Every structure is written in C-alpha cells, then in structure tokens.
Amino acid sequence: QVQLVESGGGLVQPGGSLTLSCKASTSFFAVSTMAWYRQFPGEQRELVALFNDRNPPRYDDSVKDRFSISGDYVKTTMELQMTDLKPEDTAVYFCNVHGWHTELEGLKNHWGKGTLVAISS
C-alpha cells in the first residue's frame, strides 16, 4: 500500500515562510491531480491548492498570491511554498494524490497523515 509522507510543518511567526513537501513511498502508475488540503480544529478538510499538468494551479482565495504549489508526476512528489503566513493559516495540512497507484488498482484518493503548521508570535 502506498504511503504519502508530508514534511516541513512547524511553528513560525506571522509574516514568515514555510515549505511543505510530500513524497509517495512508491511512484504512481498515473496521476490525475495533486493537491494540498488543510483542516482547522472541528472543521472539515478544505482545498488549499490543486495542481495538474493540464491547467494552471488552482488556489483557495485566502492563499492566492501567498502560496505556490508544484509537483512532479513521475516522482510523485509535491511542494507547497507558503509565504506571508498569517495566524489564520494555522491548521493541519494534508497532501492528496488523486490517481492510479497501480494499473489494476483503479482511480483513488490517497492521503498523507498530515503535518501541523502553526503561526504565532
């Protein structure tokens, strides 16, 4: 079973920057989209940024011009560069790959376990 592992979370001051990374334990047969989600306490996960190789990246309005997503389909890795971080960005961030891990497995959503990003002075 493939695992997605996030790294790069931590505590930073407002206005600071962080880069989150996500790597699959084994490469995927094919990928449809790669994305980052976040979850605030007591709330559902929400989409932060989405990447595919057919369209420009898509961002939630709250992070536009501050966050940047990139990904490598072949290596099945992705990053989320976050700048000008605000206290309201504090959340657990999850990476997501929507794809076929193997040719026979079918199209599925795959999730990492999450990494905490905390913004505080």
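Residues numbered from 1 in each chain as written. Predicted model: local features only at pLDDT ≥ 70, side-chain atom pairs only at ≥ 80, totals over all residues. Heavy atoms only, no water.

Undergrad: Explain the pattern of salt bridges to me, please; I cannot follow it from the model alone.
TA: Think of it this way: side chains of opposite charge can pair up when their charged atoms draw near. The full count for this structure, using the stated rule, is six salt bridges. Linked through salt bridges whose partners overlap, the residues forming this network are Arg38, Glu46, Arg66 and Asp89. (Salt bridge = Lys/Arg side-chain N within 4 Å of Asp/Glu carboxyl O.)

Undergrad: Would you explain the packing of aromatic side chains in this entry?
TA: Remark: the centre distance and the inter-plane angle together describe each pair of aromatic rings, the angle taken between the planes. In this structure the tally under the stated criterion is two aromatic pairs. With a centroid separation of 4.9 Å and an interplanar angle of 65°, the aromatic rings of Tyr37 and Trp111 are classed as edge-to-face. You can see Tyr37 sitting in strand S4 (residues 30–39) and its partner Trp111 sitting in strand S10 (residues 108–111), a full 74 residues away along the chain. The exposure class of Trp111 is partly exposed, given its relative accessible area of 35%. Arranged with centres 5.9 Å apart and planes meeting at 85°, the rings of Phe51 and Tyr73 form a pair that is edge-to-face. With a gap of 22 residues between them, Phe51 in strand S5 (residues 46–51) and Tyr73 in the loop between strand S7 (67–72) and strand S8 (77–82) connect regions that are remote in the sequence. (Phe/Tyr/Trp six-rings, centres within 6.5 Å; stacked < 30°, edge-to-face > 60°. Helix = DSSP H or I, 4+ residues; strand = E, 2+ residues; numbered from the N terminus. Buried < 20%, exposed > 50% of the residue type's maximum accessible area, 1.4 Å probe, protein only.)

Undergrad: Sorry, what's going on with the nonpolar core here?
TA: Nonpolar side chains tend toward joint burial in soluble globular proteins. Core analysis: the largest hydrophobic core is formed by 29 residues, its most contacted members being Trp36, Phe67, Leu80, Met82 and Tyr93. Those elements that place two or more of their residues in this core are strand S3 (18–24), S4, S5, S7, S8, strand S9 (91–100) and strand S11 (115–119). (Core = buried A, V, L, I, M, F, W, Y, C linked by side-chain atoms within 4.5 Å.)

Undergrad: Mind showing me how you'd approach the pairing of S8 here?
TA: Regular strands place their side chains on alternate faces of the sheet. Burial along S8 is one-sided: the face carrying Met78, Leu80 and Met82 is buried and the face carrying Thr77, Glu79 and Gln81 is not. Counted between consecutive antiparallel strands, the loop separating S7 from S8 contains four residues, among which Thr76 sits at a positive phi close to 50°. (Pairing = 2+ DSSP bridges.)

Undergrad: What exactly am I supposed to notice about the sheet that holds strand S1 (residues 4–7) here?
TA: The strands making up a sheet associate through hydrogen bonds between their backbones, and the pairing can be parallel or antiparallel. The sheet built from four strands is open, its strands ordered S1-S3-S8-S7 with antiparallel pairing. If you trace the sheet from one side to the other, it starts and ends with S1 and S7, each paired once. Across the sheet, the axes of successive neighbouring strands diverge by a mean angle of 15°, strand direction being ignored. Examined bridge by bridge, S7 and S8 share six bridges and lie antiparallel to one another. Residue pairing in the sheet places Ser70 in a bridge with Glu79 of S8. (Axes fitted to C-alpha atoms, helices over the stretch in contact; angles between N-to-C directions.)

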